[in-house]
Amino acid sequence: MSLGPYFLRPVVRPLSRRALLAMTSGLAAALAPGRRAGAAGTLEIGFLYVGARDDYGYNQAHAEGAAAVKKMPGVKVLEEERIPETVDVVKSMDSMIELDDAALLFPTSFGYYNPFVLQEAKKYPKVQFRHCGGLWTEKDPKNAGSYFGYIDECQYLSGIVAGHMSKTKKLGFVAAKPIPQVLRNINAFTLGAQRVDPKITTTVIFTGDWSMPVKEAEATNALADQGIDVVTCHVDSPKVTIQTAEGRGLYTCGYHVNQAPLAPKGYLTGAEWNWATVYRNFVAEMQAGKPLPNFVRGGLREGIVKTSPYGAMVPAAARAEADAVKAKLIAGDFVIFKGPIADNTGKQVIAAGVDHGQTDLWLEKMDWLAAGVIGKT
Amino acid sequence: MADLGAAGVALALFGGAIRASTPFLFVSLGECLTELSGRINLGLEGTLVCGAMSAYGAALLSGSPWLGVLAAALVGALLGALHAGLCSLKRVNDIAVGIALMVLGTGLAFFFGKPLIQPRAPMLPALHVCPTCQFAPLRAALDINPLFLIGVALAFVLRWGLANTRPGLVLRTVGDSSEAARAMGYAPLWVRLWATMAGGALAGIGGAFLSLYYPGSWNEGLSSGQGLIAVALVIFARWRPLACLFASLLFGAAGALGPALQSIGVHQGTYLFNAAPYALTLAIMIASASRRGTRVSAPGELGAMH
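Keep in mind it's a predicted model, so treat the numbers as computed, not measured. (Residues numbered from 1 in each chain as written. Chains lettered and ligands numbered in written order. Predicted model: local features only at pLDDT ≥ 70, side-chain atom pairs only at ≥ 80, totals over all residues. Heavy atoms only, no water.)

Asks: How should I be thinking about the side chain of B:Ser54 in this particular structure?
Replies: Residues and elements named next belong to chain B. Among the structural elements, serine 54 can be located in helix H2 (residues 44–62). Accessibility expressed as a relative area gives 12% for serine 54, which makes it buried. Not counting the four nearest positions on each side in its chain, serine 54 is found in contact with Ala71, Ala72 and Val75. (Helix = DSSP H or I, 4+ residues; strand = E, 2+ residues; numbered from the N terminus. Buried < 20%, exposed > 50% of the residue type's maximum accessible area, 1.4 Å probe, protein only. Contact = heavy atoms within 4.5 Å.)

Asks: Looking at this model, I keep getting lost on the sheet that holds strand S2 (residues 75–80) of chain A. Mind explaining?
Replies: In sheet architecture, strand pairing relies on hydrogen bonds along the backbone and comes in two forms, parallel and antiparallel. All names here are of chain A. Sheet architecture is open: 4 strands sit in the order S2-S1-S3-S4, paired in parallel fashion. The open sheet has two edge strands with one neighbour each: S2 and strand S4 (128–129). Of the strand pairs in this sheet, strand S1 (residues 43–48) and S2 are connected by 6 bridges, and their pairing is parallel. The residue bridging phenylalanine 47 from the neighbouring strand is glutamate 79, located in S2. The strands touched by helix H4 (residues 88–98) are S1, S2, strand S3 (104–107) and S4; relative to S1, the strand with the most contacts, the crossing angle is about 165°. (Pairing = 2+ DSSP bridges. Axes fitted to C-alpha atoms, helices over the stretch in contact; angles between N-to-C directions.)

Asks: Before we go on, may I ask you to explain the packing of H2(B) against helix H9 (residues 188–212) of chain B in this structure?
Replies: Any two packed helices are characterised by the angle at which their axes cross and by the distance between the axes. Residues and elements named next belong to chain B. Between H2 and H9, the least distance of the axes is 6 Å, while the angle of their chain directions is 55°. Considered as vectors, H2 and H9 are oriented oblique to each other. Relative to H9, the crossing made by H2 is right-handed. Here H2 contributes Leu44, Thr47, Leu48, Gly51, Ala52, Ala55, Tyr56 and Ala59 to the contact with H9, which in turn contributes Gly199, Gly200, Ala203, Gly204, Gly206, Gly207, Ala208, Leu210, Ser211 and Leu212. Among the residues forming the contact of H2 with H9, the class breakdown is 10 nonpolar, 8 polar and no charged. (Parallel < 35°, antiparallel > 145°, perpendicular 65-115°, else oblique. Left-handed = near helix turned anticlockwise from the far one by under 90°. Nonpolar A, V, L, I, M, F, W, Y, C, P; charged D, E, K, R; others polar.)

Asks: Would you take a moment to explain the domain arrangement of chain A for this structure?
Replies: A common way to state how big an interface is: give the accessible area lost once the parts meet. Residues and elements named next belong to chain A. Here chain A is described as being made up of domain 1 (43–149) and domain 2 (152–269 + 305–374). The distance between the C-alpha centroids of domain 1 and domain 2 comes to 28 Å. Taken together, the two surfaces of domain 1 and domain 2 that pack against each other cover about 1300 Å², and 65% of this comes from carbon and sulfur. Summed over the three residues of domain 1 that lose the most area to domain 2, namely Tyr56, Phe110 and Leu135, the buried surface amounts to 47% of that side. Counting across the domain 1 and domain 2 interface gives 1 salt bridge. For the salt bridge of glutamate 85 with lysine 177, the shortest nitrogen-to-oxygen distance reads 4.0 Å. At the level of elements, helix H3 (58–70) and strand S6 (146–149) are the ones that each hand at least two residues to the side of domain 1 that touches domain 2. The dominant element in the side of domain 1 that touches domain 2, judged by the number of residues it contributes, is H3, at 5 residues. (Domains from an automatic or database assignment. Buried area = accessible area lost by both parts, 1.4 Å probe. Salt bridge = Lys/Arg side-chain N within 4 Å of Asp/Glu carboxyl O.)

Asks: What exactly am I supposed to notice about the state of the cysteines here?
Replies: In protein chemistry, a disulfide is the covalent bond that joins the sulfur atoms of two cysteines. Residues and elements named next belong to chain B. Applying the stated rule across the entire model yields 1 disulfide over all chains. Between the sulfur atoms of cysteine 130 and its disulfide partner cysteine 133 the distance amounts to 1.7 Å. When the S-S torsion is 100°, as for the bridge of cysteine 130 with cysteine 133, the disulfide is right-handed. Both residues of the pair, cysteine 130 and cysteine 133, count as buried. Free of any disulfide, cysteine 50 has its nearest cysteine sulfur in cysteine 87, 18 Å distant. You can see cysteine 244 has no disulfide; the closest cysteine sulfur is in cysteine 32, sitting 4.2 Å from it. (Disulfide = S-S within 2.5 Å.)

Asks: Just checking my understanding: could you explain helix H7 (residues 180–196) of chain A for this structure?
Replies: In an α-helix, one turn spans 3.6 residues, which is why side chains three or four residues apart end up on the same side. In this model H7(A) runs 25 Å from its N-terminal to its C-terminal C-alpha over 17 residues, within 8% of the 24 Å that 1.5 Å per residue would give. Of all 17 residues in H7(A), 14 are buried; the element is thus mostly enclosed. (Expected span 1.5 Å × (residues − 1).)

Asks: Is there a simple way to explain the pattern of salt bridges in this structure?
Replies: Where charged atoms from two side chains of opposite charge come close, those side chains can pair. For the coordinates displayed, the defined rule picks out 23 salt bridges over all chains. With a shortest N-O distance of 4.0 Å, A:Lys142 and A:Glu138 are connected by a salt bridge. A:Glu138 carries the same exposure label as A:Lys142, and that label is exposed. Connected through shared salt-bridge partners, A:Arg53, A:Lys70, A:Glu79, A:Glu81, A:Arg82, B:Lys114 and B:Glu220 make up one network.

Asks: Is there a simple way to explain the packing of helix H6 (residues 152–165) of chain A against helix H11 (residues 316–331) of chain A in this structure?
Replies: Residues and elements named next belong to chain A. Taken N-terminus to C-terminus, the directions of H6 and H11 make an angle of 160°; their axes are 9 Å apart at the nearest point. Considering the angle they form, H6 stands roughly antiparallel to H11. The chirality of how H6 crosses H11 is right-handed. Residues Glu153, Tyr156, Leu157, Ile160, Val161 and His164 of H6 form the contact with H11, whose own contacting residues are Ala317, Ala318, Glu321, Ala322, Val325, Lys326 and Leu329. The class makeup of the residues in the contact of H6 with H11 is 9 nonpolar, 1 polar and 3 charged.

Asks: Hey, could you run me through the interface of chain B and chain A in this one?
Replies: Taken together, the contact between chain B and chain A spans 42 residues of the former and 37 residues of the latter. Interface area, chain B with chain A, both sides summed: about 3200 Å², of which 51% is carbon and sulfur. Counting the surface chain B buries against chain A, the share from its top three residues, B:Gln118, B:Arg120 and B:Ser263, is 18%. At the surface where chain B touches chain A, the tally comes to 3 salt bridges. Ionic pairing is found between A:Glu81 and B:Lys114, a salt bridge with its closest N-O pair at 3.5 Å. Where the side of chain B that touches chain A is concerned, the elements lending two or more residues are helix H1 (6–36), helix H5 (136–141), helix H11 (241–263) and helix H12 (270–274) of chain B. Ranked by the residues each element gives to the side of chain B that touches chain A, the list is headed by H11(B), at 6 residues. Classifying every residue of the side of chain B that touches chain A gives 20 nonpolar, 17 polar and 5 charged.

Asks: Please clarify how the layout of surface pockets should be interpreted in this entry.
Replies: Any empty space left between atoms is shown by rolling a water-sized probe over those atoms. Counted as a void, the largest pocket has a volume near 910 Å³. Residue lining of the largest pocket: 37 residues in total, with A:Gln243, A:Thr244, A:Glu246, A:Gly247 and A:Arg248 positioned closest to the centre. If you list the elements that add at least two residues to the lining of the largest pocket, you get helix H8 (213–225) and helix H9 (239–247) of chain A together with H5 of chain B. Residue contributions to the lining of the largest pocket peak at 4 residues, all from H9(A). A class-by-class count of the residues in the lining of the largest pocket yields 19 nonpolar, 9 polar and 9 charged. Considering only enclosed or pocket space, the second largest pocket measures out at about 700 Å³ in volume. Looking at the second largest pocket, it is lined by 31 residues, and the ones nearest its centre are A:Val50, A:Gly51, A:Ser211, B:Glu220 and B:Gly221. Secondary structure elements with two or more residues in the lining of the second largest pocket: H2 and helix H4 (94–113) of chain B. (1 Å grid on protein atoms, 1.4 Å probe; cavity = no way out; pocket = protein on both sides within 12 Å on 5 of 7 lines; lining within 4 Å. Points joined across faces, edges and corners; volume = space filled by probe spheres on them.)

Listed below in structure tokens is the structure:
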């Protein structure tokens, strides 16, 4: 008998929605007699992480979201860490589905989406897959989807604070790979700083992968050697970058989660995720038998991202300017990528008078670096 | 602050050689000892990672980074003893045991290291060689960790000791011909046990440097193959400690090349420069393998089946 999980996948079988509602209202035992004791009314949800889930970074942000889901009634959360962005993730998804009857999977790393998540979604049409960071389109399976946050809003605010704090007018950015999300963060950070002083530059160093501790430390040192005085990053665990920068006496802006405890002297502010909002919504909709959205995005306004509290060294002027922009972002009347914007090869990428608001999918295909960024995609 | 430009790259290479070479140095000196006794311990990557984790844990619990270094050395010696013990059994292949221990070492480290990713352990101090330097990048490049100096001194001590002392001679005899050593009244298995334990202890200390100084935190991507590269270095260095030192400095500098070039705005071949240490390993292996008489200086018993 495998009625339990069968009924639990109402999204692709609309007819069974009623059955699901019946189950959740206490008739579960009668409808789906004990396939596995106690498993019948439980929604099994799998979280897949590319690194350790307490890494002070990307994976920790997701694990905090998973922890929020664990507190919801009627769910069982499965977690697996350190899954490479290779066929390994297929094996992990297979075993969560086949062995644990997972009905909803969150493969959280960027490289999982294409081809692995898409493949699995075709193979298991009754399981729901929601991937972090991918770009779901109408051509993709309907039981797959993607979610992401407009964290560049927070990066823009970090850039404003960095612009106020920098004396050398040179900022640094330690980045893993030149993919659209990373480039969007670099550009937003730079545009935020240039709002304070248009002459400010951001030097980018790509380390080549999401977790390269020695290379990240070398990159931070190289930036410090070039006279850069504020550093931020987009790697899986900012711990090494933030600590190394603190050791060199630089200011830092955090990423993923709050790294203030790692850098009491230099931590200005930071861009953080708040995945709990997204995950709780997905799970609640699944439990209510509603179809899950395929494409979820949101920023400060939707509570998917947030900023770290300002460090004590951040002066009132910087706070006031960042807070004012933040209020506008929350109200939804501020556009970061507002023309005219030229890229760093001199080509105009956004014409004067053209606004690319946050929901514009064009931004998710970003392949350019703004003028003032020293680096190459 | 002055714009350094290209001079900054040279300085970064110099600083990188000092900052990043220490793990290579300790692992390669350790492997040098082990291989001179006639055994290959490929498990030093696992020992390095396990040492890094133990050092971080011990430093965190005791509050003293130097106790962390000691713990790493002990754990390394234990793993070395395990390797030597298994290899002393008949018809056991040292390379296969090494690979098994590499997996065991990293697995143990990841398992016990879980709760250590978040907390901050006390770090090893740096010696400020030039605290009065006006020029900040130079001042930073000259912040030297005592372990680096110990490693450099050790290379010279080993160079001298292998050539001029009785234990050095015994080690080399065992490595070249266990028959001859036995005829002289030495027990090759015991000599190899000590040599492998010493090698493991040194690799463990190399790991302590990673987690307690540079980059100075414990996480699972910490080593990214540095232990394996160091084992390859020993062949490049022809089992000579001073050449190990030179090769380690070269690899430390190679790791700094990619980030340093990007920091001055050179973006061509980013991926190639980032892969410099690995490409260099490959190039060295090809160069040293294609030369005639490669194995002339290799210990005679290396790779022999017992």
